[in-house]
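What follows is the residue order along each chain.
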Amino acid sequence: MTKVVNGLGDAPTAPCRLCGQTAVLQHSHIIPEFQYAPLYDSLHRFSVMSSDSAKPVKWAQKGVREFLLCHACEQKLADWERYAQQVIFEDRLYLVRRLPEGLLLGGIDYRRFRLFLLSLLWRMGVSSLPLFEDVELGEHEEPLRRALLTEDPGALNEYPCMLVGVTMNRQFQPDLILQPDMIELDGTKQCRAVIAGVLYVFSLGTGPIPFGDANFTVNPAGTLFMAVRDASQIEFVYEALRQQHAAMEKRATRERR
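First things first, this report covers the structure right here in the doc. Values in this document were obtained by computation on a predicted structure and should not be read as measured data.

So, how was this worked out
Residues numbered from 1 in each chain as written. Predicted model: local features only at pLDDT ≥ 70, side-chain atom pairs only at ≥ 80, totals over all residues. Heavy atoms only, no water. Helix = DSSP H or I, 4+ residues; strand = E, 2+ residues; numbered from the N terminus. Expected span 1.5 Å × (residues − 1). Buried < 20%, exposed > 50% of the residue type's maximum accessible area, 1.4 Å probe, protein only. Polar contact = N/O pair within 3.5 Å; in protein donor to acceptor, adjacent residues only side chain to side chain. Pairing = 2+ DSSP bridges. 1 Å grid on protein atoms, 1.4 Å probe; cavity = no way out; pocket = protein on both sides within 12 Å on 5 of 7 lines; lining within 4 Å. Points joined across faces, edges and corners; volume = space filled by probe spheres on them. Nonpolar A, V, L, I, M, F, W, Y, C, P; charged D, E, K, R; others polar. Contact = heavy atoms within 4.5 Å. Core = buried A, V, L, I, M, F, W, Y, C linked by side-chain atoms within 4.5 Å.

1. Digging into helix α2 (residues 110-126)
Here is step 1 of the chain: Its 17 residues give α2 an end-to-end C-alpha distance of 24 Å, which sits within 8% of 24 Å, the value for a rise of 1.5 Å per residue.
Here is step 2 of the chain: Counting buried residues along α2, 15 of its 17 residues qualify, which places the element largely inside the surrounding structure.
Here is step 3 of the chain: With a side-chain oxygen positioned 3.2 Å from the backbone nitrogen of R111, the residue opening α2 is D109.

2. A few points about the pairing of strand β15 (residues 223-230)
Here is step 1 of the chain: Pairing analysis gives five bridges linking strand β9 (residues 102-106) to β15, with the strands arranged antiparallel. Note that in β15 the partner of L103 across the bridge is M226.
Here is step 2 of the chain: Summarising the sheet, strand β10 (residues 161-168) and β15 pair through five bridges and their orientation is parallel. By the bridge assignment for β15, T167 is matched with D230.

3. A closer look at the layout of surface pockets
Here is step 1 of the chain: Roughly 480 Å³ of volume is contained in the largest pocket.
Here is step 2 of the chain: In terms of lining, the largest pocket is formed by 18 residues, of which the most central are V87, I88, D91, L105 and M226.
Here is step 3 of the chain: Of all elements in the fold, only α1 (71-89), β8 (94-99), β9, β10, β14 (198-203) and β15 reach the threshold of two or more residues within the lining of the largest pocket.
Here is step 4 of the chain: Of the residues assigned to the lining of the largest pocket, the class counts are 15 nonpolar, one polar and two charged.

4. Looking at the pairing of strand β12 (residues 178-185)
Here is step 1 of the chain: With six bridges connecting them, β12 and strand β13 (residues 188-195) associate as antiparallel partners. Its bridge partner lying in β13, D181 is registered against R192.
Here is step 2 of the chain: Taken together, β12 and the strand that follows it, β13, pair antiparallel across an intervening segment of two residues, in which D186 is found at a positive phi of about 55 degrees.

5. Thoughts on α1
Here is step 1 of the chain: Between its first and last C-alpha, α1 extends 26 Å over 19 residues, near the 27 Å set by a 1.5 Å rise per residue.
Here is step 2 of the chain: Those residues of α1 lying buried are C73, E74, K76, L77, A78, W80, E81, Y83, A84 and V87.
Here is step 3 of the chain: Contacts made by the buried residues of α1 are with β4 (26-29), β7 (65-69), α2 and α3 (141-149).
Here is step 4 of the chain: The first or second residue beyond α1 is D91, which carries a positive phi of 50 degrees.

6. Considering the nonpolar core
Here is step 1 of the chain: F113, L117, M124, L163, Y200 and F202 are the most contacted members of the largest nonpolar core, which has 51 residues in total.
Here is step 2 of the chain: Counting residues per element, the ones that place at least two in this core are β7, α1, α2, α3, β10, β13, β14 and β15.
Here is step 3 of the chain: With eleven residues, the single largest contributor to this core is α2.
Here is step 4 of the chain: Discounting residues that sit within four places of it in the chain, F202 has contacts with L117, L120, L121, M124, P160, C161, K189, Q190 and C191.

Shown next, in the form of structure tokens:
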């Protein structure tokens, strides 16, 4: 059985990936739409670069979506997204102090922001879309699903996420998005994604935080550390930007002919 939802076409009736209940599935964003807003150009499109230099630059005109969640679960995640939008784009936080590596921010709701981060990781991992093909959660998919379903943010050392604001010439780059990928560091798998100029580095697992100090992740005390790095200091980001620049030069050369 299918049903047309919001003019998006035939929405399947199938088990929700989060709660497992059979329902008419929503056309769910994997990355929240608010995170795409700074990326759109005058033609309402944005470029997506891969951390793999062999993959070409792609163009998209709307945040990618797929039929994934029932209405109730969609609304659950939307509540965390609305809070994250305030944190990321609406100056909800205050500066505690400046550190050599970045900014320590205060005033964050640990539970809501942690659940947003976990939902972002989980959605990228369960998505069947090509943009997220490199994100493999494996044994971590089910614990993440249970945490979201029960709205349990867990401890700060469970699937910690480090945030890095990417700059160029000391200017933040909110129009930058990179295709997520997976790497291994010190024996721990990590998922990397640059979204709206912020690099998210998720550690898959529990135990000691591979980044060192617990202050480098969102903290139950209500603080969040935002590292700041120039793109030239982040090798895979720099390579992706170099690739984009080369592609733009080739495109411009073809148009001049």
